[in-house]
Amino acid sequence: MIKKAVIPAAGYGTRFLPATKALAKEMFPIIDTPTIQYIVEEALASGIEEILIIVSANKNAIMDHFDRNLELENILREKNKNVELKIITDVSNLANIHYIRQKEQLGLGHAVLCAKAFIGNEPFALLLGDDLYVGKNEPVLKQLIDKYNTYGGSFLGTLPVSYEDTQKYGICEPIEELESGLYKLSSVVEKPKPENAPSRSAIGGRYILSPTIFKYLENQPRGAGGEIQLTDAIKRMMAEESVFSYDVVGKRYDIGSRIGYIEATLDFGLKREDVRPQVIDLLKKKLSELESK
């Protein structure tokens with residue numbers, strides 16, 4: 001059973017400078033809820049019981065968000081703002097969350113290695129903070145956990161992309177298709193050109209990893225960008241145990257990009273009954289203004 005999850009949140013967020021100079025990108029709100037809260041909620045809805053968030057020295061806002069704020073609670077209570085009080089107390093009671101600081105940002109592989117003591121000898125889930133998913137019928141992470149429960153090994157959550165876009169992602173190299181969208185892998189190719197891509201299955205920020213990964217991360221040479229790359233360690237681990245990919249069913253938002261963040265804000269706004277009419281009116285107004293120019 002997968003009961004522990006790791007969420008790396010120590011990166012600099014350079015794609016969103018200057019905002020990320022002072023504010024963690026994981027705290028960017030989708031309407032009024034930080035991105036990282038949606039990711040924590042996905043983990044909980046998938047059966048995860050304990051979560052480790054890997055932070056850096058300037059990410060205290062993440063810890064504060066999931067902690068209690070007694071002063072604010074008292075103010076809301078005194079003003080009889082019971083709805084708002086319930087919102088913030090529900091957040092502080094969401095999950096059993098642990099934290100560890102990544103003292104130096106040396107890549108995703110190094111961040112995952114920081115979780116070794118927390119994970120121990122258990123398989124675990126890894127959810128990247130840049131990738132926000134809305135599962136079609138069930139959470140994306142739960143889809144991976146269900147496949148892990150059948151096949152074991154390690155799983156890479158993937159999404160089909162066009163061959164023109166393979167050069168933006170790590171692309172899986174399959175040995176065989178075991179069921180629709182589920183492949184046993186022989187390797188992973190980082191950002192291949194379209195003509196060299198072994199498949200269209202792109203790694204999309206959700207993983208189930210065997211604890212064996214730590215053995216490889218501990219002696220993994222630095223790769224691209226002088227960082228310890230998780231993908232490199234996974235490729236080496238394939239020689240010892242099975243690694244699979246599964247094309248998850250759901251919508252992915254790249255919150256680390258400006259357009260992805262804007263798209264997520266619009267989509268979530270259109271789904272929320274309390275703001276949907278205003279969002280629609282605003283979009284119509286903006287379209288009308290553009291057409292009149």
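Scope of this entry: the structure provided in the associated data block. (Residues numbered from 1 in each chain as written. Predicted model: local features only at pLDDT ≥ 70, side-chain atom pairs only at ≥ 80, totals over all residues. Heavy atoms only, no water.)

**Points about the packing of helix H3 (residues 70–78) against helix H4 (residues 82–92)**
- Orientation of H3 relative to H4, taken along the N-to-C sense of each, is 155°, at an axis distance of 8 Å. Judged by the inter-axis angle, H3 sits roughly antiparallel to H4. In the crossing of H3 with H4, the sense of the turn from one axis to the other is left-handed. Touching Leu72, Glu73, Leu76 and Arg77 of H3 are Glu84, Leu85, Ile88 and Thr89, all from H4.
- Residue composition of the contact of H3 with H4, by class: four nonpolar, one polar and three charged. (Axes fitted to C-alpha atoms, helices over the stretch in contact; angles between N-to-C directions. Helix = DSSP H or I, 4+ residues; strand = E, 2+ residues; numbered from the N terminus. Parallel < 35°, antiparallel > 145°, perpendicular 65-115°, else oblique. Left-handed = near helix turned anticlockwise from the far one by under 90°. Contact = heavy atoms within 4.5 Å. Nonpolar A, V, L, I, M, F, W, Y, C, P; charged D, E, K, R; others polar.)

**Re helix H1 (residues 35–45)**
- Counting buried positions along H1 gives eight out of 11 residues, so the element sits mostly inside the fold.
- The set of residues buried in H1 consists of Thr35, Ile36, Gln37, Tyr38, Ile39, Val40, Glu42 and Ala43.
- Downstream of H1 by one or two residues, Gly47 has phi in the positive range, about 100°. (Buried < 20%, exposed > 50% of the residue type's maximum accessible area, 1.4 Å probe, protein only.)

**Thoughts on the packing of helix H10 (residues 258–271) against helix H11 (residues 276–292)**
- Relative to each other, H10 and H11 sit at 130°, their axes nearing to 7 Å. If you check the angle between H10 and H11, you find them oblique. The two elements H10 and H11 meet at a crossing, and its hand is left-handed. Together, Leu266, Gly269 and Leu270 of H10 and Arg276, Val279, Ile280 and Leu283 of H11 make up the contact between the two elements.
- Looking at the contact of H10 with H11 residue by residue, the classes come out as five nonpolar, one polar and one charged.

**Details of unusual backbone geometry**
- With omega at 10°, the peptide bond leading from Leu17 into Pro18 counts as cis.
- Note that Pro18 resides in the loop between strand S1 (4–8) and strand S2 (29–30).

**Details of a nonpolar patch on the surface**
- Together, Ile259, Ile262, Leu266 and Leu283 make up an exposed nonpolar region whose accessible area comes to about 350 Å².
- Looking at which element gives the most residues to the nonpolar patch, the answer is H10, with three residues.
- Within the secondary structure layout, Ile259 lies in helix H10. (Patch = residues over 30% accessible without salt bridge, like charges linked within 9 Å, V, L, I, M, F, W, Y side chains within 5 Å. Areas by Shrake-Rupley, 256 points an atom, 1.4 Å probe, with all protein chains shown as cover. Salt bridge = Lys/Arg side-chain N within 4 Å of Asp/Glu carboxyl O.)

**Concerning the nonpolar core**
- Counting 47 residues, the largest nonpolar core has Ile48, Ile51, Ile53, Ile62 and Ile208 as the members making the most contacts within it.
- In this view, Ile62 contacts Ala9, Ala24, Glu26, Met27, Ile36, Ile53, Val55 and Tyr99; residues no more than four positions away in its chain are not counted.
- Counting residues in each nonpolar core, the second largest holds 30 residues, with Val112, Leu156, Ala233 and Met237 among its members. (Core = buried A, V, L, I, M, F, W, Y, C linked by side-chain atoms within 4.5 Å.)

**Describing the side chain of Ser245**
- Here Ser245 shows up in strand S12 (residues 243–247).
- Given a relative accessible area of 1%, Ser245 falls into the buried group.
- When residues no more than four places from it in sequence are discounted, the contact partners of Ser245 are Phe155, Leu156, Thr158, Cys172, Gly181, Leu182, Tyr183 and Leu185.

**Focus on the side chain of Ser187**
- Residue placement: Ser187 occurs in strand S10 (residues 182–190).
- Judged by relative accessible area, Ser187 falls into the buried class, the value being 17%.
- Once residues lying within four places of it in the same chain are set aside, the contact partners of Ser187 are Cys172, Glu173, Lys235 and Met238.

This is a description of form; function is not addressed.
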